[in-house]
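As a plain string of letters, each chain reads:
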Amino acid sequence: MAARRPSPLLLVLAVCLLAAGPLPSVFVPPARGGSELAASAAAVGAAIAAVAPQAAEARLPDEFVAFAPIVDVLPILPIFFLLLAFLWQASVGFR
């Protein structure tokens, strides 16, 4: 009986693991004086938290309020195009 060959997926996984071995020594370690970086990150986080409630209250200009229902539907349109592509491929037999 012939010997079984390992699956290609197992070989790819083994190569990836062997290639990832030296990666930790490649990266540069972080600088020692990171306190000012932490302070600036905290300031940015506070600014985002202060602005976030205003983003939820965003409104259309008065001239375009009549189009609000259309604007509410617009983010969904790419999903419909994706579904239409699958429907089209199903109709032609996924050629």
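Residues numbered from 1 in each chain as written. Predicted model: local features only at pLDDT ≥ 70, side-chain atom pairs only at ≥ 80, totals over all residues. Heavy atoms only, no water.

Asks: Whenever I open this one, the overall build of the chain confuses me. Can you help?
Replies: Within the chain, the regular secondary structure consists of four helices and zero strands. With the model as given, the accessible surface of the chain reaches about 9000 Å², and the carbon-plus-sulfur share is 75%. (Helix = DSSP H or I, 4+ residues; strand = E, 2+ residues; numbered from the N terminus. Areas by Shrake-Rupley, 256 points an atom, 1.4 Å probe, with all protein chains shown as cover.)

Asks: When you look at helix 4 (residues 77–91) in this model, what are you seeing that I'm missing?
Replies: Residues that lie three or four places apart on an α-helix share one face, since the helix turns once every 3.6 residues. The terminal C-alpha atoms of helix 4 lie 21 Å apart, and with 15 residues this matches the ideal 21 Å at 1.5 Å per residue to within 8%. Just downstream of helix 4 lies Gly93, where phi reads positive at about 80°. (Expected span 1.5 Å × (residues − 1).)

Asks: Before we go on, may I ask you to explain the confidence of the model for the chain in this structure?
Replies: Interpreting fine coordinate detail is not advised for predicted regions of low pLDDT. Chain-level pLDDT for the chain is 76 on average; 59% of the residues reach the 70-or-more range. By mean pLDDT, helix 2 (residues 35–56) is the weakest element of the chain at 66, and helix 4 is the strongest at 93. (pLDDT = per-residue confidence, 0-100.)

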